[in-house]
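Descriptive structure summary
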Amino acid sequence: MKAFGRRARIKHTEYYQCGKGRDLGFGTILNFQTKIGTGMGEQMLSCKYYYLGTQLPINRFLTFYYGHPSFQINNMLVILSVHVFIITMVFLGTLNPSVRICKYNSSGQFLAGQAGCYNLVPVFEWIQRCIISIFLVFMIAFLPPFLPLFLQELVERGTWKATVRLAKQFCSLSPVFEVFSTQIYTHSILSNLTFGGDRYIATSRGFATTQIYFHILFLRVTGPSIYMGMRALIMLLYENVMNHPKSD
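Residues numbered from 1 in each chain as written. Predicted model: local features only at pLDDT ≥ 70, side-chain atom pairs only at ≥ 80, totals over all residues. Heavy atoms only, no water.

**What to know about the overall build of the protein**
Scanning the protein for helices and strands turns up nine helices and zero strands. Moving toward the C terminus, one meets the helices and strands of the protein in the order α-α-α-α-α-α-α-α-α. For the protein, the proportion of its 248 residues judged to be buried stands at 25%. (Helix = DSSP H or I, 4+ residues; strand = E, 2+ residues; numbered from the N terminus. Buried < 20%, exposed > 50% of the residue type's maximum accessible area, 1.4 Å probe, protein only.)

Here you go:
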């Protein structure tokens, strides 16, 4: 980064290496993602990032941003947008039973004689469209990672086997694990930016399956993942209860 900040030219060479894969346990993946997130937090706090962010021209700065901190910042923005959206629904759910909401007829026209009402129907329709778009984006975002596996199964074993293999991926809640990974990345970098404490976490070769006490594994994932999920679930239940239509 020092050479890059001093406008030097860096030769980039890519190599293809054929190596063996190894199984990774849940704890190993958790440690690896935590190491990546905290390491990026330390880099973002360094003076080199400040120099690069303030001195580079826009084209080289965007290249640097895309190749380094954009992934972590995108994860933080994703989790932040989910929090803001749920909190917005909580506010609307609290407002719904306490005010008089304007009504429309079956053709979508505003009914006359509703002085003092609050026109929240377009807001509720916007929330419905947002929820539908979230599910559509969720499906589109997780289909490309499974597409190579689907095509490989399609070529080697046929359409039925490929479809069953793709269905198994979704039934095993693989997309949910991707959401969990996003939360781990976000919690790691935010905790490092706030409190520091970055350290090397060894994730080298070892047994993929090790015996870990349940309370240790539970404490590792409660802060970054489970607590957030429970908060979101409680707020969604509250919003669902408060947004039931009122009987006249």
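**So, the layout of surface pockets**
Empty space within the largest pocket amounts to approximately 1,200 Å³. Every residue lining the largest pocket is counted, 31 residues in all, and those nearest its centre are Val-78, Val-82, Ile-134, Phe-138 and Val-179. Counting only elements with at least two residues in the lining of the largest pocket, the list comes to α5 (70-95), α6 (121-157), α8 (174-195) and α9 (214-242). For the lining of the largest pocket, the leading source of residues is α5, giving 10 residues. Looking at side-chain class alone, the lining of the largest pocket contains 22 nonpolar, eight polar and one charged residues. (1 Å grid on protein atoms, 1.4 Å probe; cavity = no way out; pocket = protein on both sides within 12 Å on 5 of 7 lines; lining within 4 Å. Points joined across faces, edges and corners; volume = space filled by probe spheres on them. Nonpolar A, V, L, I, M, F, W, Y, C, P; charged D, E, K, R; others polar.)

**Things to note about the environment of Ile-131**
The residue Ile-131 is located in helix α6 in this model. Classification of Ile-131 as partly exposed rests on a relative accessible area of 34%. Residues Ile-131 and Phe-85, 46 residues apart in the sequence, show an inter-C-alpha distance of 9.8 Å.

**Brief notes about the packing of α5 against α6**
Where α5 meets α6, the closest approach of the two axes is 12 Å, and the angle between their N-to-C directions is 150°. Overall, the two elements α5 and α6 adopt an arrangement that is roughly antiparallel. With respect to the hand of their crossing, α5 and α6 are arranged in left-handed fashion. From α5, Phe-85, Met-89 and Leu-92 reach across to α6, where they touch Val-123, Phe-124, Trp-126, Ile-127, Cys-130, Ile-131 and Ile-134. Within the contact of α5 with α6, the residues separate by chemical class into 10 nonpolar, no polar and no charged. (Axes fitted to C-alpha atoms, helices over the stretch in contact; angles between N-to-C directions. Parallel < 35°, antiparallel > 145°, perpendicular 65-115°, else oblique. Left-handed = near helix turned anticlockwise from the far one by under 90°. Contact = heavy atoms within 4.5 Å.)

**Remarks on α5**
Under the 1.5 Å per step criterion, the end-to-end length of α5 is 37 Å for 26 residues, consistent within 8% with the ideal 38 Å. Along α5, the residues that are buried comprise Ser-70, Gln-72, Asn-75, Met-76, Ile-79, Phe-85, Ile-86, Met-89, Val-90, Leu-92 and Gly-93. (Expected span 1.5 Å × (residues − 1).)

**With respect to the packing of α5 against α8**
When two helices pack together, their arrangement is captured by the angle between the axes and the distance separating the axes. Running from amino to carboxyl end, α5 crosses α8 at an angle of 105°, the nearest separation of the two axes being 9 Å. On the basis of the axis angle, α5 is roughly perpendicular to α8. Contact residues: α5 offers Phe-71, Gln-72, Asn-75, Met-76 and Ile-79, while α8 offers Thr-182, Gln-183, Tyr-185, Thr-186, Ile-189 and Leu-190. The residue inventory of the contact of α5 with α8, partitioned by class, reads six nonpolar, five polar and no charged.

**Some words on the state of the cysteines**
Enumeration according to the criterion identifies one disulfide in this entry. The side chain of Cys-102 participates in a disulfide bridge whose partner is Cys-117; the two sulfur atoms lie 1.9 Å from each other. Between Cys-102 and Cys-117, the S-S dihedral sits near 90°, and the bridge is therefore right-handed. Residue Cys-102 is found in the loop between α5 and α6, and its partner Cys-117 is found in the loop between α5 and α6; the two are separated by 15 residues along the sequence. You'll find Cys-102 and Cys-117 in the same group, each marked buried. (Disulfide = S-S within 2.5 Å.)

**Re the packing of aromatic side chains**
Inspection of every chain in the model, using the stated rule, returns six aromatic pairs. Centroid distance Tyr-49 to Phe-64: 5.1 Å. Interplanar angle 65°. Geometry classified as edge-to-face. In this pair, Tyr-49 is assigned in helix α3 (residues 47-55) and Phe-64 in helix α4 (residues 58-67), connecting sequence segments 15 residues apart. Residue class for Phe-64 comes out buried when judged on its relative accessible area of 8%. (Phe/Tyr/Trp six-rings, centres within 6.5 Å; stacked < 30°, edge-to-face > 60°.)

**A closer look at the pattern of salt bridges**
For side chains of opposite charge, pairing can occur when their charged atoms come near one another. Under the criterion given, the structure shown has one salt bridge. Here Glu-153 and Arg-157 are joined by a salt bridge, their closest N and O atoms 3.5 Å apart. Highlighted residues: Glu-153 and Arg-157, both in helix α6, separated by four residues, approximately one helical turn. (Salt bridge = Lys/Arg side-chain N within 4 Å of Asp/Glu carboxyl O.)

**Digging into the side chain of Ser-70**
Mapped onto the elements, Ser-70 comes out in helix α5. With relative accessibility at 14%, the residue Ser-70 sits in the buried group. Reaching out from Ser-70, the side chain makes a polar contact with the backbone oxygen of Tyr-66 at a distance of 2.9 Å. (Polar contact = N/O pair within 3.5 Å; in protein donor to acceptor, adjacent residues only side chain to side chain.)

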